[in-house]
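Listed here are the chains, written in short residue letters.
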Amino acid sequence: MSLRTAWHDTLFTTRALAAVSIEKLATGLVFNPSSAEMRADPYPFYRRLRETDPMHRSWAGGGWVLSRYDDVKAVLADKSYSADERNWSLAKRFRKRADAHGIPDFYEGGFITMLRSDPPDHTRVRRLVSKAFTPRAIESLRGRAEQILDELLAGRGRHGRLELVSDLAAPFPIVLIAEMLGVPTEDRERFRHWSDQAVRTLGDGTFEDAREGLAAMIELGDYIEAIAEQRRAEPRDDLLSGLVAAEEAGDRLTMTELRATCVLLLVAGNETTTSLIGNAVLALLRHPEQAALLREEPKRIAGAVDELLRYDSPVQLTSRIATQDAELHGSRVRAGQQMVLLLGSANRDPAAFDRPDELDVTRDAGQHLSFSFGLHRCLGAQLAKLEGELALDALLSRYPDLRLADSPERAIEWGTNTILRGPKRLELAH
Ligand code: HEM
């Protein structure tokens, strides 16, 4: 979010450095999701937070940081916490800073999506889009998704090398969602570019990240609008035509909402699913006995995806804004304060999962919070799980000797986003 960029910009001021020192003095811990250690492995730090300071006052987090499963879930379930960033007490101040850096306003610029809105707008838009995401609709994509994987892996011998991210994990979800929406898949390189740029607006990026990310979202929105106009003239059997019909019906969906929704669908499901595949493959390479079990009993792969999502979540955190005063762990939360909810930490809470730091693909991990919880629970969860299942099945069944192509330092390059976690390059040999 652009406001978070403005917030992080202030980290370089003396006042901010003083605040970080106070955070360290008061709690013995500093939450810094952009540090190299956190990127490589955030779990030891999460554990310390859960054990010693489950309601952590953080400068970098811009509010309270919650790390225990029950607390994270309770805030997500509580409608007195808003997903709309404009309720943040610091929003106006940081909006001014963002203005000074020429960052357009997300909300005024027409990028208000269901992800960052509250009922009744949220309910209306989500209801329209959910029709395309019923379990039946998603299951009907299975055959086509398998075909796409075949195409992506075609022409590879039994032995060779694979850069998992660009050869498979990135293009696979892009092609599928583009087909669902009904936008030309030949443009997939452009989608990947727009999507890579757009995620720069998430997390603790720079003003340049925010500016370029927003510019990409505007370009993508224009592109969508042009195709929407074609569908208005000649409707087809695709999601975009369905949304255009809803837009024509007047008060149900505005063109601005239609643009924002399509951009959200093209962006929210790409990097996240890419990370699911990357994190899952990495976890299985590090636990060969678990990979062997899945090769022996491929029927287990679908269930294993939940455990792999729990074990290393592609979305590490989300946030909500308190709209009324409350009390939690003996601390007073004031209306307008931000709650940073560590989904990745909740998934490793021993109060919710036995032996949480162990990967066990046979466990029932269905209650993990990797897709969030409550009103905003991921709309694409079923699709993402299907994609994860099919990608893992394709890799495990084709390549019995899948392994890192080099030492971990050379073969794995982690992405730098502080919200999304996953390798941006993963060199494999098979
Ligand atoms: C493994 C892959 C994925 C993960 C880990 C993931 C995770 C999430 C999370 C954590 C949220 C809620 C954030 C919050 O509560 O603030 C969310 C919302 C959402 N996701 Fe996903 N997602 C994934 C894939 C997808 C896919 C494939 C799509 C669609 C193509 C999608 C579409 C959405 C939408 C539309 C929302 C907003 C729902 C709402 O606000 O009501 N996601 N996702």
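Further up the page is the structure itself.
Chemist: What is the right way to read the overall build of the protein chain from this model?
Modeler: Check the secondary structure of the protein chain and you find 21 helices and 11 strands. Taken over the C-alpha trace, the protein chain has a radius of gyration of 21 Å; the compact-globule value for 430 residues is 22 Å, and the two agree within 12%. Its C-alpha atoms give the protein chain principal-axis dimensions of roughly 60 × 55 × 35 Å. Considering the protein chain as a whole, with its 430 residues, one finds that 56% of them fall into the buried category. Sequence separation of 24 or more characterises 72% of the internal contacts of the protein chain that already satisfy a separation of 6 or more. Summing over all exposed atoms, the protein chain offers an accessible surface of approximately 18800 Å²; the carbon and sulfur share of this is 51%.

Chemist: Explanation requested: the site of the ligand in the structure shown.
Modeler: Around the ligand sit 29 residues, and of these His122, Thr318, Ser372, His376 and Cys378 come closest. In the environment of the ligand, an oxygen atom lies 2.6 Å from a nitrogen or oxygen atom belonging to the side chain of Ser372. His376 is positioned such that a nitrogen or oxygen atom in its side chain is 2.7 Å from an oxygen atom of the ligand. Those elements that place two or more of their residues in the shell around the ligand are helix 7 (121–130), helix 15 (255–268), helix 16 (270–286), strand 5 (317–322) and helix 20 (381–398). Here the shell around the ligand is composed, by residue class, of 18 nonpolar, nine polar and two charged.

Chemist: Please explain the layout of surface pockets as it appears in this structure.
Modeler: Over the atoms, a rolled probe matching the size of one water molecule traces out where space is still vacant. What the largest pocket holds in volume is close to 580 Å³. For the lining of the largest pocket, the secondary-structure elements that each account for two or more residues are helix 12 (188–198), helix 16 and strand 11 (423–429). The element that contributes the greatest number of residues to the lining of the largest pocket is helix 16, accounting for four residues. Residues of the lining of the largest pocket, tallied by class, amount to seven nonpolar, 13 polar and nine charged.

Chemist: Help me understand the nonpolar core in this model?
Modeler: The tendency in soluble globular proteins is for nonpolar side chains to be buried as a group. Counting residues in each nonpolar core, the largest one holds 118 residues, and the members touching the most others are Phe133 and Leu258. Residues in contact with Leu258, not counting those within four places in the same chain, are Ile224, Ala228, Leu240, Leu243, Val244, Glu247 and Leu253.

Chemist: Would you mind going over empty space enclosed by the protein with me for this structure?
Modeler: Tallied over the entire structure, the rule returns four cavities of 30 Å³ or more. Here the second largest cavity is characterised by a volume of approximately 160 Å³. When grouped by side-chain class, the residues that make up the lining of the second largest cavity number nine nonpolar, five polar and two charged.

Chemist: Teacher, can you tell me more about the pattern of salt bridges here?
Modeler: Pairing is possible between side chains of opposite charge, provided their charged atoms come close. Across all of its chains, the model carries 33 salt bridges by this definition. With a closest N to O distance of 3.0 Å, Arg124 and Asp121 form a salt bridge. In this pair, Arg124 and Asp121 both sit in helix 7, three residues apart, roughly one turn of the helix. Given the relative accessible area of 23%, Arg124 is considered partly exposed. The exposure class of Asp121 is partly exposed, given its relative accessible area of 39%. Here Arg259 makes a salt bridge to Asp222, at a shortest N to O gap of 2.9 Å. Taken as a pair, Arg259 in helix 15 and Asp222 in helix 13 (residues 207–233) lie far apart in primary sequence, 37 residues in all. Here the residues in one salt-bridge network are Arg47, Glu51, Arg348 and Asp357, joined through shared partners.

Chemist: Where do I start with the environment of Glu225 in this structure?
Modeler: Tracing the sequence through the fold places Glu225 in helix 13. Along the sequence, Glu225 and Leu202 sit 23 residues apart, while their C-alpha atoms lie 23 Å from each other. In this structure, Glu225 is in contact with Met255 and Arg259, ignoring residues within four places of it in sequence.

Chemist: What's the story with the packing of helix 18 (residues 301–311) against helix 20 in this structure? I'm lost.
Modeler: The interhelical angle for the contact between helix 18 and helix 20, taken along N-to-C directions, is 110°, at an axis separation of 9 Å. Relative to helix 20, the element helix 18 lies roughly perpendicular. Once helix 18 is placed against helix 20, the crossing between them reads as right-handed. Contacts between helix 18 and helix 20 pair Ile301, Ala302, Val305, Asp306, Leu308 and Leu309 from the former with Lys385, Gly388, Glu389, Leu392, Asp393 and Leu396 from the latter. Looking at side-chain class alone, the contact of helix 18 with helix 20 contains seven nonpolar, one polar and four charged residues.

Chemist: In this structure, what is going on with the sheet that holds strand 3 (residues 81–82)? I would like to understand it.
Modeler: Picture the strands of a sheet paired through backbone hydrogen bonds; they go either parallel or antiparallel. Spatially, 1-2-8-5-3 is the arrangement adopted by the five strands of the open sheet, whose pairing is mixed. A single partner strand is all that each edge strand has here, and the edge strands are strand 1 (55–58) and strand 3. Relative to strand 8 (residues 338–342), strand 2 (residues 63–66) runs parallel, the two sharing four bridges. Following the sheet pairing, Trp64 is matched in strand 8 by Met339.

Chemist: Could you clarify how one ought to interpret helix 12 in this entry?
Modeler: Each turn of an α-helix holds 3.6 residues, which means side chains three or four residues apart point in the same direction. Within helix 12, the full set of buried residues consists of Phe191, Trp194, Ser195, Gln197 and Ala198. All buried residues of helix 12 lie within an arc of 165° about the axis, which places them on one face of the element. Its buried side turned inward, helix 12 meets helix 11 (171–181), helix 13, helix 15 and helix 16.

Chemist: Explain unusual backbone geometry here, please?
Modeler: Here the residue pair Pro119 and Pro120 is connected by a cis peptide bond, since its omega of 5° sits within 30 degrees of zero. Its place among the elements puts Pro120 in the loop between helix 6 (91–100) and helix 7. The phi torsion at His329 lies on the positive side, around 50°, for a residue other than glycine. Mapped onto the elements of the fold, His329 is located in the loop between strand 6 (326–328) and strand 7 (331–333). Owing to a relative accessible area of 41%, His329 belongs among the partly exposed residues under this scheme. Phi is positive for Ser372, close to 70°, though the residue is something other than glycine. Among the secondary structure elements, Ser372 is positioned in the loop between helix 19 (343–346) and helix 20. Exposure remark for Ser372: the relative accessible area of 10% places this residue in the buried category.

The rules we used
- Residues numbered from 1 in each chain as written.
- Predicted model: local features only at pLDDT ≥ 70, side-chain atom pairs only at ≥ 80, totals over all residues.
- Heavy atoms only, no water.
- Helix = DSSP H or I, 4+ residues; strand = E, 2+ residues; numbered from the N terminus.
- Rg over C-alpha atoms; globule rule 2.2 N^0.38 Å.
- Buried < 20%, exposed > 50% of the residue type's maximum accessible area, 1.4 Å probe, protein only.
- Contact = heavy atoms within 4.5 Å.
- Areas by Shrake-Rupley, 256 points an atom, 1.4 Å probe, with all protein chains shown as cover.
- Near = heavy atom within 4 Å.
- Polar contact = N/O pair within 3.5 Å; in protein donor to acceptor, adjacent residues only side chain to side chain.
- Nonpolar A, V, L, I, M, F, W, Y, C, P; charged D, E, K, R; others polar.
- 1 Å grid on protein atoms, 1.4 Å probe; cavity = no way out; pocket = protein on both sides within 12 Å on 5 of 7 lines; lining within 4 Å.
- Points joined across faces, edges and corners; volume = space filled by probe spheres on them.
- Core = buried A, V, L, I, M, F, W, Y, C linked by side-chain atoms within 4.5 Å.
- Salt bridge = Lys/Arg side-chain N within 4 Å of Asp/Glu carboxyl O.
- Axes fitted to C-alpha atoms, helices over the stretch in contact; angles between N-to-C directions.
- Parallel < 35°, antiparallel > 145°, perpendicular 65-115°, else oblique.
- Left-handed = near helix turned anticlockwise from the far one by under 90°.
- Pairing = 2+ DSSP bridges.
- Arc of directions from axis to C-beta.

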